[in-house]
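# Notes for the structure review
If you want the building blocks of each chain, they are given just below.
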2 protein chains.
Amino acid sequence: MDLPPATAAFVLHFGEMGSRWGINRTVGQIYALLFLSDRPLNADDIVASLGFSRSNVSMGLKELETWRLVRLQHLPGDRREHFSTPEDVWQIVRILAEERRKREIDPTLTLLRDVLLQKPSTEAERHAQGRMHNLHDVISLLTGWANDVQGLPDERLIALLKMGGRVAKVLEATDRFQQIVTGKGRRRGKADAAPRRSAENEKKKDA
Amino acid sequence: MDLPPATAAFVLHFGEMGSRWGINRTVGQIYALLFLSDRPLNADDIVASLGFSRSNVSMGLKELETWRLVRLQHLPGDRREHFSTPEDVWQIVRILAEERRKREIDPTLTLLRDVLLQKPSTEAERHAQGRMHNLHDVISLLTGWANDVQGLPDERLIALLKMGGRVAKVLEATDRFQQIVTGKGRRRGKADAAPRRSAENEKKKDA
DNA sequence: CAGTATGTTCAGTAATTTCTGAAAATTCAA
DNA sequence: TTGAATTTTCAGAAATTACTGAACATACTG
């Protein structure tokens, strides 16, 4: 590995970060390297830079492809496969969000919904279902939001994020405005994700 | 492990999910169990339910404490330590977000800022720095937003999330309104995180 | 077609992480 | 104090995951 110090530091850091998430260190480093590179790299370039075995690099690139995080391309006059990351960081964020939703969130919501169809037979089960119901609502609200803003063009997404919590003020104002104009309250969305307290605040038994 | 089927399914699922993130399967299962329980559990309860060794449970609870995800409490007339999760799922989400920021995002931003202070000496380094700069801006915009909405009370956060992308419409309207009223454009925030294309679109060399 | 360059697979090994039991430490009550 | 109840620590075992080299597969080139 004979990289400029800044690149090396970044690559090592993302290797570590990767291993805190599902992605292993090798794959994290490969991605970091591709991300910083000013040209598409082939497998041997990566072997030369990071010192992993050829087969390890091959498998790492395969995994990155399943995440849709790298693009395979062929340079003119070169038979080897070259890889690059999207140029736009927002694009990377969008892809990551989609893949994580597909792999982690959706199966979780499915499980929760399945389980919630069953009739609880004891008090403890009833309580557990209430908890799962809460969790389901929170997760679907969060991912629904994410899904929704995914649809926005970069410019508008950025503007929205910059507003941060101040949006709440605007919302409030709009709300009041609508109330004044229409004479009624704002309509509610379908799923209210405020914490259900149904089975929650029972007296703690057992001592 | 002699849990009701719904609870067992949930516990196993969160064990798997946990291991896709930094958290190991055991710890994930312990947390899932506590989350569903209608009363605080002690270490032996957990051993009985999940069948791990006592020491493993002890370490798992330690780890959950460092994440601030469980609360230690003593029941009257019982010397043993009992553990429970926050009742409010939003509270759990907030804690998770804070801890992940502290452990993963902040160190990453620090690294990026440090590296960006160095003067690039080659063209490739200059390009790499441009990429890191983009990434820094995106990450800080996203976490800034998260930080910001963390400050909102549950009710308002929920309302904001429900609005989803429609907020963009409101923003746009507000924007136009301000332009009309003040006669100028909306002021920009300090850091514009739109992708910098500076070093990006060079001709690809090397073939 | 033969030969070469490139990419993939996979069985075995290495490294890492997780888990356990036994011992030590701590806490509390008498 | 002593001793019982409880929790923690930690060295080693077990399990899992990551990595490698060599063999195999594929695709081009002349």
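In what follows, the structure referred to is the one given above.
In this text, all values refer to a predicted model and were calculated from it rather than measured experimentally. (Residues numbered from 1 in each chain as written. Chains lettered and ligands numbered in written order. Predicted model: local features only at pLDDT ≥ 70, side-chain atom pairs only at ≥ 80, totals over all residues. Heavy atoms only, no water.)

## Considerations on the packing of helix H5 (residues 89-117) of chain A against helix H6 (residues 123-150) of chain A
All names here are of chain A. Put simply, H5 and H6 touch, their axes get as near as 10 Å, and they point 150° apart. The angle between H5 and H6 falls in the class roughly antiparallel. In terms of crossing hand, the pair formed by H5 and H6 is left-handed. Facing Arg 94, Ala 97, Glu 98, Arg 101, Ile 105, Thr 108, Leu 109, Leu 112, Arg 113, Val 115 and Leu 116 of H5, the residues of H6 in contact are Gln 129, Met 132, His 133, Leu 135, His 136, Ile 139, Ser 140, Thr 143, Asn 147, Val 149 and Gln 150. (Axes fitted to C-alpha atoms, helices over the stretch in contact; angles between N-to-C directions. Helix = DSSP H or I, 4+ residues; strand = E, 2+ residues; numbered from the N terminus. Parallel < 35°, antiparallel > 145°, perpendicular 65-115°, else oblique. Left-handed = near helix turned anticlockwise from the far one by under 90°. Contact = heavy atoms within 4.5 Å.)

## Thoughts on the relation of the copies chain B and chain A
Superposing chain B onto chain A takes a rotation of 180° plus a shift of 0.0 Å along the axis, which leaves an RMSD of 0.1 Å. The two molecules are tied by a two-fold rotation axis, judged by turn and shift. Of every C-alpha in chain B, the one belonging to Trp 21 of chain B sits nearest the axis of rotation, 2.3 Å from it. The residues that chain B uses at the interface reappear at the interface of chain A in 100% of cases, marking a shared surface. (Least-squares fit on C-alpha atoms with pLDDT ≥ 70 in both.)

## Quick look at the protein's contact with DNA strand C
In the vicinity of DNA strand C, 15 residues are found, and the nearest of them are Lys 62 and Glu 81 of chain A together with Thr 26, Ser 55 and Arg 79 of chain B. Among the atoms of DNA strand C lying within 4 Å of the protein, the sugar-phosphate backbone contributes 71%. At 2.7 Å from a base oxygen of DNA strand C is found a side-chain nitrogen or oxygen belonging to Ser 55 of chain B. Those elements that provide at least two residues to the surface near DNA strand C are helix H4 (54-66) of chain A together with helix H2 (25-36) and helix H4 (54-66) of chain B. Sort the elements by how many residues they give to the surface near DNA strand C and H4 of chain A lands first, with four residues. By residue class, the composition of the surface near DNA strand C is one nonpolar, seven polar and seven charged. (Near = heavy atom within 4 Å. Polar contact = N/O pair within 3.5 Å; in protein donor to acceptor, adjacent residues only side chain to side chain. Nonpolar A, V, L, I, M, F, W, Y, C, P; charged D, E, K, R; others polar.)

## Examining unusual backbone geometry
All names here are of chain A. With a phi close to 60°, Arg 68 is a non-glycine residue in the positive phi region. As for its position among the elements, Arg 68 is in the loop between H4 and strand E2 (71-74). For Arg 68, a relative accessible area of 38% translates into the label partly exposed. (Buried < 20%, exposed > 50% of the residue type's maximum accessible area, 1.4 Å probe, protein only.)

## A look at helix H7 (residues 154-163) of chain B
For H7 of chain B, every residue scored as buried is listed here: Leu 157, Ile 158, Ala 159, Leu 160, Leu 161 and Met 163 of chain B. Directly beyond the C-terminal end of H7 of chain B, a positive phi value near 55° is found at Gly 164 of chain B.

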